[in-house]
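Spelled out from the first residue to the last, the chains are:
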Amino acid sequence: MTPSPQDDPKTLVSTDWLARHLRDPDLRVLDASWYLPAQNRDAKAEYAAAHIPGARFFDIDEISDQRSSLPHMAPPPEKFISRMRAMGVGDGHQVVVYDGAGIFSAARVWWTFRLMGKTDVAVLDGGFPKWQAENREIEDMPPVIRDRHMTVSRQNHLVKDVTQVAHAAKLGEAEILDARAAPRFRGEAPEPRAGLRSGHIPGSKNIPFAEVLNPDGTMKPPAALKAVFEATGVDLKKPAITSCGSGVTAAVLSLALERIGHRNHALYDGSWAEWGMYDDLRVATGP
């Protein structure tokens, strides 16, 4: 197995890389599978039936700020610490996150770790589908958990709230990148969440998250990623704010930005679940 030139333990690693490091004592693997209701998949049941050896299940809906009415908002640091310690994840660990779709929800957990100041975290390129397609080792046993101390330092610049996004949209001081499918962005398709208006944040640009992925669910190489952003008219010299339906696939764009060396990006945590709810926020339709 030759190491992929794309392997970077702070952003994205290949299945070859993970297979080589799977028994490392300071490696922790997380199954962060999460699905939309319409996908009709049970992430927890799938994890219980089969997962990468040693993987822990990271529940995006539970490890969140449940004081908020919005879906799976970033957890408070103290909750993140307690959940990670209970999963045996702590300081000094290299974390690899995967999901059952390829690259879908794993990037959200990658971003959550970075929000907490933890940078030794990578997404598994191609996720569980690629791992299984290569007939790699799987198990159905829960891992043995040993408590590990964790310290966090919340990086507030990596997340934006609705006021900050509205300000950025009004002044045009950042590129707002929307990862939703084009019909939803244009306002032609209804939102999956009831009660939300259709359309997009004025001035935002649409890069459906699948555009940064290959057909097999792996992420495109950096040169191709850069071309995707540039083809959409994104000024990569400006700060970027990523958005989507509820802050999950926005993180796929955040990961893609990080892969091309664009460091000045943040994620709009409320995303369209929040913006689409408030009648006093302007909504644009069309391309």
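Everything discussed here concerns the structure shown above.
Residues numbered from 1 in each chain as written. Predicted model: local features only at pLDDT ≥ 70, side-chain atom pairs only at ≥ 80, totals over all residues. Heavy atoms only, no water.

Trainee: Would you mind showing me how to read unusual backbone geometry here?
Mentor: Glycine aside, residues mostly have negative phi, and peptide bonds are mostly found in the trans state. Even without being a glycine, Asn40 presents a positive backbone phi close to 55°. Following the sequence through the fold, Asn40 ends up in the loop between strand 2 (27–31) and helix 2 (43–49). A positive phi angle is found at His72, which is not glycine, with a value near 30°. Within the secondary structure layout, His72 lies in the loop between strand 3 (56–57) and helix 3 (77–86). What makes His72 buried here is its relative accessible area of 5%. (Helix = DSSP H or I, 4+ residues; strand = E, 2+ residues; numbered from the N terminus. Buried < 20%, exposed > 50% of the residue type's maximum accessible area, 1.4 Å probe, protein only.)

Trainee: Would you explain the sheet that holds strand 5 (residues 121–124) in this entry?
Mentor: Pairing between the strands of a sheet comes from backbone hydrogen bonds, and it takes one of two forms, parallel or antiparallel. Ordered by their spatial adjacency, five strands build an open sheet running 1-5-4-2-3, and the pairing between neighbours is parallel. If you trace the sheet from one side to the other, it starts and ends with strand 1 (12–13) and strand 3, each paired once. Of the strands in this sheet, strand 2, strand 4 (94–98) and strand 5 touch helix 4 (residues 106–115), which is tilted by about 175° from strand 5. (Pairing = 2+ DSSP bridges. Contact = heavy atoms within 4.5 Å. Axes fitted to C-alpha atoms, helices over the stretch in contact; angles between N-to-C directions.)

Trainee: What's the story with the nonpolar core in this structure? I'm lost.
Mentor: Soluble globular proteins: nonpolar side chains tend toward being buried together. By size, the foremost hydrophobic cluster in this structure holds 50 residues, and its most contacted members are Leu30, Phe58, Met84, Trp111, Phe113, Val212 and Met219. Residue assignment for this core shows that the elements contributing at least two residues are helix 3, strand 4, helix 4, strand 5, helix 8 (222–231) and helix 9 (250–259). Setting aside its immediate chain neighbours within four residues, Met84 contacts Phe58, Ile63, Val89, Phe113 and Met150. Ranked by size, the runner-up nonpolar core spans 19 residues in total, among them Trp17, Tyr35, Phe57 and Leu124. (Core = buried A, V, L, I, M, F, W, Y, C linked by side-chain atoms within 4.5 Å.)

Trainee: I'm lost on the packing of helix 8 against helix 9 in this one. Help?
Mentor: When two helices pack together, their arrangement is given by the angle between the helix axes and by the axis-to-axis distance. Packing of helix 8 against helix 9 brings their axes to within 9 Å, and their N-to-C directions diverge by 120°. Here helix 8 lies oblique to helix 9, going by the angle between them. Classified by chirality, the crossing of helix 9 by helix 8 is left-handed. Mapping the contact onto sequence places Pro222, Leu225 and Phe229 in helix 8 and Leu253, Ala256, Leu257 and Arg259 in helix 9. Class assignment for the residues of the contact of helix 8 with helix 9 results in six nonpolar, no polar and one charged. (Parallel < 35°, antiparallel > 145°, perpendicular 65-115°, else oblique. Left-handed = near helix turned anticlockwise from the far one by under 90°. Nonpolar A, V, L, I, M, F, W, Y, C, P; charged D, E, K, R; others polar.)

Trainee: Any chance you could explain the pattern of salt bridges here in plain terms?
Mentor: Any two side chains of opposite charge can pair, given that their charged atoms come close. Taken as a whole, this structure holds 23 salt bridges when the rule is applied. One salt bridge connects Asp269 with Arg108, and the closest N-O pair in it is separated by 2.9 Å. Of this pair, Asp269 sits in the loop between strand 10 (265–268) and helix 10 (271–275) while Arg108 sits in helix 4; the two residues are 161 residues apart in sequence, bridging distant segments of the chain. Here Asp235 ties to Lys237 by a salt bridge, and the two come within 3.9 Å at their closest N and O atoms. For Lys237, a relative accessible area of 79% translates into the label exposed. Ionic contacts of the salt-bridge type, sharing partners, join the residues Asp16, Lys130, Glu134 and Arg136 into one network. (Salt bridge = Lys/Arg side-chain N within 4 Å of Asp/Glu carboxyl O.)

Trainee: Help me out: how do you make sense of helix 4 in this one?
Mentor: Given 3.6 residues per helical turn, the α-helix brings residues three or four places apart onto the same face. For helix 4, the buried fraction is high: ten of the ten residues fall into the buried class. Considered for burial, the residues of helix 4 that qualify are Ala106, Ala107, Arg108, Val109, Trp110, Trp111, Thr112, Phe113, Arg114 and Leu115. Directly after helix 4, the chain includes Gly117, whose backbone phi takes a positive value near 85°.

Trainee: In this structure, what is going on with the pairing of strand 10? I would like to understand it.
Mentor: A regular strand places its side chains so that they alternate between the two faces of the sheet. Of the two faces of strand 10, the one holding His265 and Leu267 and the one holding Ala266 and Tyr268 are both buried throughout. As paired elements, strand 9 (residues 240–243) and strand 10 share three bridges and run parallel to each other. Residue Thr242 lies in a different strand from strand 10, and its bridge partner there is Leu267.

Trainee: In this structure, what is going on with the environment of Asp147? I would like to understand it.
Mentor: Following the sequence through the fold, Asp147 ends up in the loop between helix 5 (127–133) and strand 6 (159–160). Sequence separation between Asp147 and Lys160 is 13 residues; the distance between their C-alpha atoms is 32 Å. There is a polar contact of 2.8 Å between the side chain of Asp147 and the side chain of Arg85. (Polar contact = N/O pair within 3.5 Å; in protein donor to acceptor, adjacent residues only side chain to side chain.)

Trainee: Explain the side chain of Glu274 to me, please; I cannot follow it from the model alone.
Mentor: With respect to the helices, strands and loops of the structure, Glu274 is situated in helix 10. Arg197 provides the closest opposite charge to the buried, salt-bridge-free Glu274, at an N-O distance of 11 Å. Within the structure, Glu274 has its side chain in polar contact with the side chain of Tyr268 (distance 2.9 Å). When neighbours within four sequence positions are excluded, Glu274 is seen to be in contact with Leu70, Val162 and Tyr268. (Lys, Arg positive; Asp, Glu negative; His and termini not counted.)

Trainee: Where do I start with the sheet that holds strand 8 (residues 205–206) in this structure?
Mentor: On the basis of which strands lie adjacent, the open sheet formed by five strands has the order 6-10-9-7-8 and parallel pairing. With partners counted over all chains shown, the strands left at the sheet margins are strand 6 and strand 8, one partner each. The sheet contact formed by strand 7 (residues 175–178) and strand 8 spans two bridges and is parallel. Bridge pairing in strand 8 links Leu177 to Lys205.

None of the figures reported here should be taken as evidence of function without further support.
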